[in-house]
Amino acid sequence: MTSQEIMEKGISQNSSKRRKGGFITLPFIIANEALEKLPGYALVTSMMLYLKSNYYMTIVEGQNLINIGKL
């Protein structure tokens, strides 16, 4: 094989491969971000119920404590 034949073959092999990335990954990125935030909201709700029932805090005091902890 000559070098030109090898180059032509290499170009044809590379063009037949699937490209990765781009807009095809956008739904996966959006789903990942949405599912990442979901447990965070559930944790805040559970923490508020815990603070209210066990420490007898008001909702405002509990939210202030949780928000300070997020910093």
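Our structure is the block above this text.
Now for a look at the structure at hand. (Residues numbered from 1 in each chain as written. Predicted model: local features only at pLDDT ≥ 70, side-chain atom pairs only at ≥ 80, totals over all residues. Heavy atoms only, no water.)

### Here we look at the overall build of the chain
From N to C terminus, the chain includes three helices and zero strands. Summed over all atoms, the accessible surface of the chain reaches about 6,800 Å², with 65% contributed by carbon and sulfur. (Helix = DSSP H or I, 4+ residues; strand = E, 2+ residues; numbered from the N terminus. Areas by Shrake-Rupley, 256 points an atom, 1.4 Å probe, with all protein chains shown as cover.)

### So, the environment of Gln 63
Mapped onto the secondary structure, Gln 63 falls in helix α3 (residues 59-70). Among the residues examined, Gln 63 registers a relative accessible area of 29% and is labelled partly exposed. The sequence separation of Gln 63 and Leu 51 amounts to 12 residues, and the corresponding C-alpha distance is 9.5 Å. Not counting chain neighbours up to four residues away, the residues in contact with Gln 63 comprise Val 44 and Met 48. (Buried < 20%, exposed > 50% of the residue type's maximum accessible area, 1.4 Å probe, protein only. Contact = heavy atoms within 4.5 Å.)

### As for a nonpolar patch on the surface
A grouping of Phe 23, Leu 26, Ile 29 and Ile 30 is seen on the molecular surface, where their side chains present a nonpolar patch of about 470 Å² in accessible area. Tracing the chain through its elements places Phe 23 in the loop between α1 (3-16) and α2 (26-54). (Patch = residues over 30% accessible without salt bridge, like charges linked within 9 Å, V, L, I, M, F, W, Y side chains within 5 Å. Salt bridge = Lys/Arg side-chain N within 4 Å of Asp/Glu carboxyl O.)

### Some points on unusual backbone geometry
Backbone geometry at Tyr 56 places phi at a positive 55°, although glycine is not the residue there. Along the chain, Tyr 56 turns up in the loop between α2 and α3. Judged by its relative accessible area of 69%, Tyr 56 is exposed.

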